[in-house]
Amino acid sequence: MNDLIRTLRLEYHDRDEDNPLLEDEQLERAINRAVISVNKDLKRSYSINGDGNLVPDLEDDDREVLLLYALIVVCRMMQAKTARNFSFSSGDKKVDKTKQPSYWAELGRSYLSQYRQAVSERNPEYGGNIPIVTPLIYGSD
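S.K.: What is the right way to look at the overall build of the protein chain in this model?
M.R.: Of the regular secondary structure elements, the protein chain holds 4 helices and 4 strands. For the protein chain, the N- to C-terminal ordering of α and β elements is α-α-β-β-α-β-β-α. Contacts in the protein chain between residues at least 24 apart in sequence constitute 55% of all its contacts with a sequence separation of at least 6. A total accessible area of about 9,900 Å² is found for the protein chain, and carbon and sulfur atoms account for 48% of it.

Written out as structure tokens, the structure reads:
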């Protein structure tokens, strides 16, 4: 799990070890939610054991899909965290942090699109891949 958390931090550029954007517990929550979605969408059976390790070991492709979903959750968390940001100005200086939530939301939508694409490539039954049905009309002569 620590390896996934470290990789997740690298993905969204959280490099300040003394003051991280999100705590490890929050990232564990994001990974837990990702495991649930990957299991459902890719028809897998990953779980997190009592030691906090993912079992069985992730396949490489599944790891990337899981990280994409975890990034979606991280973006939602950051959107909530930045929702109360402010804007102020003093003299010739201006700081506007009110747009941060919308940037996180946009990034989350981008990750969601990538996630859906990756899952649909690996699971033809996933979302929207509806088979073409040709109606059969019965009639009398």
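Additional details are given in the paragraphs that follow.
S.K.: Explain the pairing of strand β4 (residues 93–96) to me, please; I cannot follow it from the model alone.
M.R.: A regular strand carries its side chains on alternate faces of the sheet. Examined bridge by bridge, strand β3 (residues 87–90) and β4 share 4 bridges and lie antiparallel to one another. Bridging across to β4, Ser90 finds its partner in Lys93. Hairpin connection, β3 to β4: the antiparallel pair is bridged by 2 residues, and Gly91 has positive phi, about 65 degrees.

S.K.: Would you take a moment to explain the packing of helix α2 (residues 24–42) against helix α4 (residues 100–122) for this structure?
M.R.: Helix packing geometry: the angle between the two helix axes and the distance between the axes. At a closest axis distance of 10 Å, the pairing of α2 and α4 adopts a crossing angle of 40 degrees. Contacts from Ser37, Val38, Asp41 and Leu42 of α2 reach α4 at Tyr115, Val119 and Arg122.

S.K.: Looking at this structure, how should I read a negative patch on the surface?
M.R.: A grouping of Glu11, Asp60, Asp61 and Glu64 is seen on the molecular surface, where their side chains present a negatively charged patch. If you tally residues by element for the negative patch, the top one is helix α3 (residues 60–81), at 3 residues. With respect to the helices and strands, the residue Glu11 is situated in helix α1 (residues 2–11).

S.K.: Can you walk me through α2 in this structure?
M.R.: Three- or four-residue spacings in an α-helix give side chains the same orientation, since the helix completes a turn every 3.6 residues. Relative to the 27 Å expected for 19 residues at 1.5 Å per residue, α2 spans 26 Å between its end C-alpha atoms, a close match to the ideal helical length. Those residues of α2 that fall on the buried side of the exposure criterion are Leu27, Ala30, Ile31, Ala34, Val35, Ser37, Val38, Asn39, Asp41 and Leu42. Check the buried side of α2 and you find it contacts α1, β1 (47–48), β2 (54–55), α3 and α4. Phi turns positive one or two residues past the end of α2, at Lys43, with a value near 55 degrees.

Parameters at a glance
- Residues numbered from 1 in each chain as written.
- Predicted model: local features only at pLDDT ≥ 70, side-chain atom pairs only at ≥ 80, totals over all residues.
- Heavy atoms only, no water.
- Helix = DSSP H or I, 4+ residues; strand = E, 2+ residues; numbered from the N terminus.
- Contact = heavy atoms within 4.5 Å.
- Areas by Shrake-Rupley, 256 points an atom, 1.4 Å probe, with all protein chains shown as cover.
- Pairing = 2+ DSSP bridges.
- Axes fitted to C-alpha atoms, helices over the stretch in contact; angles between N-to-C directions.
- Patch = residues over 30% accessible without salt bridge, like charges linked within 9 Å, V, L, I, M, F, W, Y side chains within 5 Å.
- Salt bridge = Lys/Arg side-chain N within 4 Å of Asp/Glu carboxyl O.
- Lys, Arg positive; Asp, Glu negative; His and termini not counted.
- Charge placed at Lys NZ, Arg CZ, Asp CG, Glu CD.
- Expected span 1.5 Å × (residues − 1).
- Buried < 20%, exposed > 50% of the residue type's maximum accessible area, 1.4 Å probe, protein only.

Remember, this is a structural readout, not a statement about activity or role.
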